[in-house]
Amino acid sequence: MRIILLGPPGSGKGTQALRIVAKLGVPHLSTGDMLRGAVAKETPIGRAAKEVMERGDLVSDEIVIGCVLERISEPDAAAGFILDGFPRTLRQAKVFDAELEKTGSKLDRVLELKVVEAALFDRIIHRTRAAKADGLPIRSDDNPEAFKVRLDAYRTQTEPLVEYYHNCGLLRTIDGLLPVEQVTSCLLSELQL
Ligand code: ADP
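A quick note: this is a predicted structure, and the numbers were derived from the prediction, not measured.

Undergrad: So, the sheet that holds strand β5 (residues 171–175): which residues are in play, and what are the values?
TA: Within a beta sheet, neighbouring strands are joined by backbone hydrogen bonds and run either parallel or antiparallel to one another. The five strands are arranged β2-β3-β1-β4-β5 in an open sheet whose pairing can be described as parallel. Lying at the two open borders of the sheet, with one neighbouring strand each, are β2 (28–30) and β5. Each strand of the sheet is rotated relative to its neighbour by a mean of 20°, with strand direction disregarded. Looking at chain direction, β2 and strand β3 (residues 81–84) are connected through three bridges and run parallel. When the bridges of β3 are listed, Ser30 appears paired with Asp84. Strand contacts of helix α8 (residues 160–167): β1 (2–6), β4 (109–114) and β5, with the helix running at about 145° to β1, the strand carrying the most contacts.

Undergrad: With reference to specific residues and values, describe the nonpolar core.
TA: Core analysis: the biggest nonpolar cluster contains 28 residues, and Leu6, Ile72, Phe81, Leu83, Phe96 and Tyr165 have the highest contact counts within it. In contact with Phe96, not counting residues within four places along its chain, are Ile4, Val68, Leu69, Ile72, Phe81, Leu83, Phe86 and Leu107. Membership of the second largest hydrophobic core comes to 15 residues, among which are Ala17, Val183, Leu188 and Leu191.

Undergrad: How would you explain the side chain of Asp142 if you had to name every residue and give the values?
TA: Structurally, the position occupied by Asp142 is in the loop between α6 (117–133) and α7 (144–158). Among the polar contacts listed, one links the side chain of Asp142 to the side chain of Arg127, at a separation of 3.2 Å.

Undergrad: Provide a residue-level description of the pattern of salt bridges, including the pertinent values.
TA: Per the stated rule, a full pass over the model turns up 17 salt bridges. A salt bridge links Asp33 to Arg36; the nearest nitrogen and oxygen atoms lie 2.9 Å apart. Note that Asp33 and Arg36 are positioned in helix α2 (residues 31–41) at a spacing of three residues, about one turn of the helix. Exposure remark for Asp33: the relative accessible area of 45% places this residue in the partly exposed category. For Arg36, a relative accessible area of 29% puts it in the partly exposed group. Between Asp152 and Lys148 there is a salt bridge whose closest N-O contact spans 3.3 Å. Here Lys148 and Asp152 lie together in helix α7, a separation of four residues that amounts to about one turn. By relative accessible area, Lys148 is classed as partly exposed at 46%.

Definitions and cut-offs
Residues numbered from 1 in each chain as written. Predicted model: local features only at pLDDT ≥ 70, side-chain atom pairs only at ≥ 80, totals over all residues. Heavy atoms only, no water. Pairing = 2+ DSSP bridges. Helix = DSSP H or I, 4+ residues; strand = E, 2+ residues; numbered from the N terminus. Axes fitted to C-alpha atoms, helices over the stretch in contact; angles between N-to-C directions. Contact = heavy atoms within 4.5 Å. Core = buried A, V, L, I, M, F, W, Y, C linked by side-chain atoms within 4.5 Å. Buried < 20%, exposed > 50% of the residue type's maximum accessible area, 1.4 Å probe, protein only. Polar contact = N/O pair within 3.5 Å; in protein donor to acceptor, adjacent residues only side chain to side chain. Salt bridge = Lys/Arg side-chain N within 4 Å of Asp/Glu carboxyl O.

Everything listed here is a matter of coordinates, which is why it stays silent on function.
Structural data, given as structure tokens:
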């Protein structure tokens, strides 16, 4: 199964992806995690992405598309994947569709987690406070300034994908304000698992 999780920062994509991968038996591919890994290892991609990510802006399409195509060509992704954080621009979506078509595969579903912006701000503040209290590391883009940039990037560059995937007949929208377990059930029922 080839699935995309779509939703604004803080909508719960990462949390939900972890909860459903076990049922699906396909890997969870998070472009945010891939890029943070590259930053930590100080690879050329990491060096190019670091400042952009800290600001909350989007990393270039070329870099991200390259990372994803390389990752999905690995054997564990042959039967499918759950993508979290990609695509984030129409160009990424169209290039990705074309690349999948070349290999004779296609997306099965795009699951959108819908959460109003006010709730997203509350969640991010809560997540940062909880991490601080537990002595856990805080993401360098989890601060009000960068979060605002991330939300703007979502609204202007990523939200158009909702219509794009709706027109392809792939989109299913789930209320991301429901309790975590209920969101998971809704996602699984959209996948009929
Ligand atoms: P969140 O969903 O909480 O915003 P992610 O962990 O998915 O965070 O991504 C963190 C950052 O990584 C983004 O703000 C952006 O800078 C970069 N990034 C991740 N995925 C992409 C992508 N598909 N295109 C461009 N930049 C990306």
